[in-house]
Amino acid sequence: MTMKDRVSTTEKSLEVVFALQRLRGATLAELAAELDAPKSTVHRHLSTLAEHSFVRTDDGRYEVGFRFLELAEYARTQRESYELAEATVGQLAEETQERAQFVVEEHGRGVYLYVETSEHAVQTGHSVGKRIRLHSTAAGKVILAHLPDGRVDDILDAQGLTPETDATITDRAVLDEELAEIAEQGYAFNREENIKGLCAAAAPVTDDDDELIGVLSVSGPSNRMKGEWFTSKIPDLILGSANELELRIAYA
């Protein structure tokens, strides 16, 4: 098998896994139809994936296997700084009584590593592992504000400024101006720019060289995220939590 064939085979296996995720499980016939591929080809990929526990089957229905949990947990805890963020997120959710999260950047997207919700928090579907665009979220804008200009250009050129809501910033000059303000003040806001009715604030967690480790953010419904509580007190809580986390990371 040539390298090109190996790459093609890997891509097809990944397509099978993503299709299973989209369909929330499927039969061989349903998968073949979804992928527009012969059943025999899809079955070969399923068999290989199942052999390594990445796919499981029950009564002819295939689902994503729990082996991915092992890899996911390794990915999330491969850096000690990521592990230390978990307790901080929980504390921040308790202090604000909203939803708190720790987000990192990978391949030009934000990835939720830890999410904690209070009793009163709104469920938004942004669970652990969720990947988001950067320009329409508070955490994402903090990430963009800390990346080199060339990297920001590459990300935005590739992904564009998709309007998630009517409030999403879709003008590059306006976004650049806000990113400069975020870099200066040290925190960012999302005013219903990603989900209508949801607002958020975020601040960076950096190392001794001022390199970005990740972002702490708090989100909640717009009827609660307003006034001084939103524009001043929540940013102060996030900045305080970020500082404490940075100290724990530095002296871990």
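Our subject is the structure that appears above.
Residues numbered from 1 in each chain as written. Predicted model: local features only at pLDDT ≥ 70, side-chain atom pairs only at ≥ 80, totals over all residues. Heavy atoms only, no water.

What is the right way to look at the packing of aromatic side chains in this model?
The geometry of an aromatic ring pair comes down to the distance between the two centres and the angle between the two planes. One pass over the full model with this rule turns up four aromatic pairs. Ring geometry for Phe54 against Phe68: centres 4.9 Å apart, planes inclined by 55°, an arrangement best described as tilted. Taken together, the positions of Phe54 in the loop between helix H3 (39–51) and strand S2 (55–58) and Phe68 in helix H4 (residues 67–77) put the pair 14 residues apart, joining distant regions of the chain. Look at Phe189 and Phe230: their rings are 4.9 Å apart centre to centre, the planes differ by 55°, and that puts the pair in the tilted class. Taken together, the residues Phe189 in strand S7 (residues 188–191) and Phe230 in helix H9 (residues 227–250) connect sequence positions 41 residues apart. (Phe/Tyr/Trp six-rings, centres within 6.5 Å; stacked < 30°, edge-to-face > 60°. Helix = DSSP H or I, 4+ residues; strand = E, 2+ residues; numbered from the N terminus.)

What's the story with the pattern of salt bridges in this structure? I'm lost.
Any two side chains of opposite charge can pair if their charged atoms end up close together. Counted according to the given criterion, the structure contains 13 salt bridges. Notably, a salt bridge pairs Glu70 with Arg67, separated by 3.2 Å at the nearest N-O pair. Residue Glu70 and its partner Arg67 are both found in helix H4; the two are separated by three residues, about one turn of the helix. When its relative accessible area of 53% is taken as the criterion, Glu70 is described as exposed. Accessibility expressed as a relative area gives 33% for Arg67, which makes it partly exposed. In this structure, the salt-bridge partner of Arg172 is Asp176, at a minimum N-O distance of 2.9 Å. (Salt bridge = Lys/Arg side-chain N within 4 Å of Asp/Glu carboxyl O. Buried < 20%, exposed > 50% of the residue type's maximum accessible area, 1.4 Å probe, protein only.)

Quick question: what am I supposed to make of the packing of helix H6 (residues 138–146) against helix H8 (residues 172–185) here?
A packed helix pair is summarised by two numbers, namely the angle formed by the two axes and the spacing between the axes. One can describe the packing of H6 onto H8 by two numbers: an axis separation of 9 Å at closest approach and a directional angle of 85°. When the axes of H6 and H8 are compared, the pair comes out roughly perpendicular. Of H8, the residues touching H6 (which contributes Lys141, Val142, Leu144 and Ala145) are Leu175, Glu178, Leu179, Ile182 and Ala183. When grouped by side-chain class, the residues that make up the contact of H6 with H8 number seven nonpolar, no polar and two charged. (Axes fitted to C-alpha atoms, helices over the stretch in contact; angles between N-to-C directions. Parallel < 35°, antiparallel > 145°, perpendicular 65-115°, else oblique. Contact = heavy atoms within 4.5 Å. Nonpolar A, V, L, I, M, F, W, Y, C, P; charged D, E, K, R; others polar.)

In this structure, what is going on with the sheet that holds strand S6 (residues 131–132)? I would like to understand it.
To summarise the sheet geometry, strands pair through backbone hydrogen bonds and adopt either a parallel or an antiparallel arrangement. Taken together, six strands build an open sheet; the order of strands is S6-S5-S4-S9-S8-S7 and the sheet is antiparallel. Edge strands, defined here as strands with exactly one partner in the open sheet, are S6 and S7. The sheet contact formed by strand S4 (residues 99–106) and strand S9 (residues 212–221) spans five bridges and is antiparallel. Bridging from a neighbouring strand, Arg99 pairs with Ser219 of S9. The strands touched by H6 within the sheet are S4, S7, strand S8 (198–206) and S9, with S8 carrying the most contacts at an inclination of about 35°. H9 rests against S4, S7, S8 and S9 of the sheet, and its axis sits at about 30° to S8. (Pairing = 2+ DSSP bridges.)

In this structure, what is going on with the nonpolar core? I would like to understand it.
Among soluble globular proteins, nonpolar side chains are generally buried collectively. With 26 residues, the main nonpolar core has Phe102, Leu113, Val205, Leu216, Val218 and Ile238 as its most contacted residues. When sequence neighbours within four positions are dropped, the list of residues in contact with Val205 reads Phe102, Glu211, Leu212, Ile213, Gly214, Leu216, Ala242, Leu245, Glu246 and Ile249. With 23 residues, the next largest nonpolar core counts Leu134, Ile143, Ile169 and Ala200 among its residues. (Core = buried A, V, L, I, M, F, W, Y, C linked by side-chain atoms within 4.5 Å.)

Even after reading the chapter, I still don't get the pairing of strand S3 (residues 61–64), so can you show me in this structure?
If a strand is regular, its side chains alternate between the two faces of the sheet. By the bridge criterion, two bridges tie strand S1 (residues 26–27) to S3 in an arrangement that is antiparallel. From the neighbouring strand, Ala26 faces S3, where its bridge partner is Tyr62. Inspection of the sheet shows S2 paired to S3 by four bridges, in the antiparallel sense. From the neighbouring strand, Thr57 faces S3, where its bridge partner is Tyr62. Once S2 ends, the chain turns through two residues before running back antiparallel as S3, passing Asp59 with a positive phi of about 55°.

Explain the layout of surface pockets to me, please; I cannot follow it from the model alone.
Over the atoms, a rolled probe matching the size of one water molecule traces out where space is still vacant. Considered as a void within the structure, the largest pocket measures approximately 1500 Å³ in volume. In terms of lining residues, the largest pocket is bounded by 39 residues, among which Ala75, Glu106, Val111, Gly129 and Arg131 are the most central. Mapped onto the lining of the largest pocket, the elements with two or more residues apiece are helix H1 (3–23), S3, H4, S4, strand S5 (109–117), H6 and S9. Looking at the lining of the largest pocket, the element that brings in the most residues is H4, giving seven residues. Considering only residue class, the lining of the largest pocket consists of 21 nonpolar, seven polar and eleven charged. (1 Å grid on protein atoms, 1.4 Å probe; cavity = no way out; pocket = protein on both sides within 12 Å on 5 of 7 lines; lining within 4 Å. Points joined across faces, edges and corners; volume = space filled by probe spheres on them.)

Where do I start with the sheet that holds S1 in this structure?
The three strands are arranged S1-S3-S2 in an open sheet whose pairing can be described as antiparallel. At either end of the open sheet lies a strand with only one pairing partner, and these are S1 and S2.

How should H9 be read in this particular structure?
Owing to its 3.6 residues per turn, the α-helix brings residues three or four apart onto one side. Across its 24 residues, H9 extends 34 Å between first and last C-alpha, which sits within 8% of the 34 Å expected from 1.5 Å per residue. By the largest-angle criterion, Lys233 marks the main kink of H9, which is about 30°, and a proline, Pro235, follows within four residues. When H9 is considered as a whole, its buried residues turn out to be Phe230, Ile234, Pro235, Ile238, Ser241, Ala242 and Leu245. Buried residues belonging to H9 abut helix H5 (80–96), S4, S7, S8 and S9. (Expected span 1.5 Å × (residues − 1). Bend = angle between axes of the 7 residues up to and from the residue.)

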